[in-house]
Amino acid sequence: MDYDNLLDLVKKRRSIRRFKPDPVPDEHIDKIIEVARWAPSGFNMQPWEFVVIRKPELRNKIVEYVMTYWDQGKLMESTREAWQGRPWRLKGVVDSGMDYTTAPVYILLLGDKRTRDGLPMGVRYSEERFQLIFMSSLANAFMHMHLAAATLGLASQWVSAVTTPFAHCMIKDLLGIPNEMVPYDMMALGYPATKPGGKYLRDKGEMVHFDDCSTGDFRSDADVRDFIKRARSWTMGAHQKKADPR
Ligand SMILES: Cc1cc2nc3c(=O)[nH]c(=O)nc-3n(C[C@H](O)[C@H](O)[C@H](O)COP(=O)(O)O)c2cc1C
């Protein structure tokens, strides 16, 4: 592996939100988890647990719980500041180009809060520092999963709404997950039924700073607002393009 291979891989890894129903071989799932378990974690506490969800009746239940948030989310979107442009006007997951419902496998990544006891005292007894280390560790494992999926020609999507309070407790109850476990995020996994579009990236020049910095070296409030407008309009345009009738 050299730099160019790595860059190719990180470019290849994209969120793909429409899946063929074809099953994912067990060896591929094992390979994805193998890569994830090598992820760096704070003080090597490896707080992760992976729940592989293949049974359709369980996946359907999860979709149902997540959809509960979708309705709330749409209402909340209607309160967004006018300067950000067009509000999010999607009708539902399936017609939004963000359809994880047909993915044949979900992998729920959990964090085991009991690993907090093994962290240095200065982390263990600070809620803020604990959250930072715990969540960063889980993020690393999750990113490794997405990269591994990309190398196997698989599509993957974050389904972060599994962490809403409602979905959190319902999914834990559904799957018999103990209370100490915190759902970090869920990956929808399968073979891609669509190709990702272009990606709107910030310029490198505006985000890299050397040595002594001052406020003027960073984006102004107006710059950030402008970026938010452009990035939202790009993303919503991309989703709308993918929302073709099947
Ligand atoms: C922490 C985090 C949470 C995300 N949650 C969701 C999600 O709930 N649903 C979704 O479709 N994409 C989600 N994404 C994917 C982002 O929208 C996506 O990474 C971003 O638009 C860039 O596109 P790319 O992944 O194709 O590079 C999430 C990404 C991250 C890093």
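These notes cover the structure that comes with them. Quantities reported herein were computed from a predicted structural model and do not represent experimental measurements. (Residues numbered from 1 in each chain as written. Predicted model: local features only at pLDDT ≥ 70, side-chain atom pairs only at ≥ 80, totals over all residues. Heavy atoms only, no water.)

## Some points on the packing of helix H1 (residues 3-12) against helix H5 (residues 127-151)
Selection criterion: Only the stretch in contact is used when fitting a helix axis, every axis being a line fitted to C-alpha atoms; angles between N-to-C directions are given from 0 to 180 degrees. Numbered from the N terminus, helices here are DSSP runs of H or I no shorter than four residues, and strands are runs of E no shorter than two. In these notes the angle categories are as follows: under 35 degrees is roughly parallel, over 145 is roughly antiparallel, 65 to 115 is roughly perpendicular, and the rest is oblique. Contacts are residue-level and defined by heavy atoms, with any inter-residue pair within 4.5 Å sufficient. Here the nonpolar group is Ala, Val, Leu, Ile, Met, Phe, Trp, Tyr, Cys and Pro; Asp, Glu, Lys and Arg are the charged ones; every other residue, Gly included, is treated as polar.
For the pair H1 and H5, the least separation of the axes is 9 Å and the interaxial angle reads 95°. Accordingly, the angle class assigned to the pair H1 and H5 is roughly perpendicular. Side by side, H1 and H5 meet where Leu 9, Val 10 and Lys 12 of the first sit next to Leu 147, Ala 150 and Thr 151 of the second. Across the contact of H1 with H5, the residue classes break down as four nonpolar, one polar and one charged.

## Digging into the pairing of strand S3 (residues 105-112)
What counts is decided by this rule: Working definition: with a 1.4 Å probe on protein chains only, accessible area under 20% of the residue-type maximum means buried, over 50% means exposed, and in between means partly exposed. Two strands are counted as paired when DSSP detects at least two bridges linking them.
With eight of eight residues buried, S3 is to be regarded as a mostly interior element. Of the two faces of S3, the one lined by Val 105, Ile 107, Leu 109 and Gly 111 and the one lined by Tyr 106, Leu 108, Leu 110 and Asp 112 are each fully buried. In this structure, strand S2 (residues 48-53) lies alongside S3, joined through six bridges in antiparallel fashion. Looking at S3, one finds that Ile 53 is bridged to Tyr 106. The pairing of S3 with strand S5 (residues 181-192) spans eight bridges and is classified as antiparallel. Bridge assignment links Asp 112 to a residue of S5, and that residue is Met 181.

## Thoughts on the nonpolar core
The criterion, for reference: Working definition of a nonpolar core: buried Ala, Val, Leu, Ile, Met, Phe, Trp, Tyr and Cys residues. They are joined through side-chain atoms within 4.5 Å.
Formed by 25 residues in total, the largest nonpolar core has its most connected members in Ile 29, Ile 32, Ile 107, Leu 109, Met 145, Met 187 and Leu 189. Elements with a contribution of two residues or more to this core: helix H2 (26-36), S3, H5 and S5. Ranked by the residues each element gives to this core, the list is headed by H5, at eight residues. Listed in part, the 22 residues of the second largest apolar core include Tyr 65, Leu 108, Ile 171 and Ala 188.

## Comments concerning the packing of aromatic side chains
The criterion, for reference: Any two rings among Phe, Tyr and Trp, with Trp reduced to its six-membered ring, count as a pair given centres within 6.5 Å; such a pair is stacked if its planes are under 30 degrees apart, edge-to-face if over 60, and tilted if neither. By definition here, charges over rings are those cases where NZ of Lys or CZ of Arg is within 6 Å of the ring centre and within 35 degrees of the ring normal.
Scanning the entire structure with this criterion turns up seven aromatic pairs. Site record: aromatic cluster; members linked through ring pairs are Phe 142, Trp 158 and Tyr 184. The residue whose ring lies beneath Arg 59 is Tyr 106, and the NZ or CZ to ring-centre distance is 6.0 Å.

## Focus on the pattern of salt bridges
If charged atoms from side chains of opposite charge come close, those side chains can pair. We count it as follows: By definition here, a salt bridge exists when the distance from a side-chain nitrogen of Lys or Arg to a carboxyl oxygen of Asp or Glu is within 4 Å.
The final tally for this structure, using the stated rule, is 10 salt bridges. Between Glu 34 and Arg 37 there is a salt bridge; the shortest N-O distance is 2.7 Å. Across the pair Asp 226 and Arg 230 runs a salt bridge whose closest N-O atoms are separated by 3.0 Å. With Asp 226 and Arg 230 both in helix H7 (residues 221-242) and four residues apart, this pair spans about one turn of that helix. Connected through salt bridges with shared partners, the residues Arg 202, Glu 206 and Arg 219 form a single ionic network.

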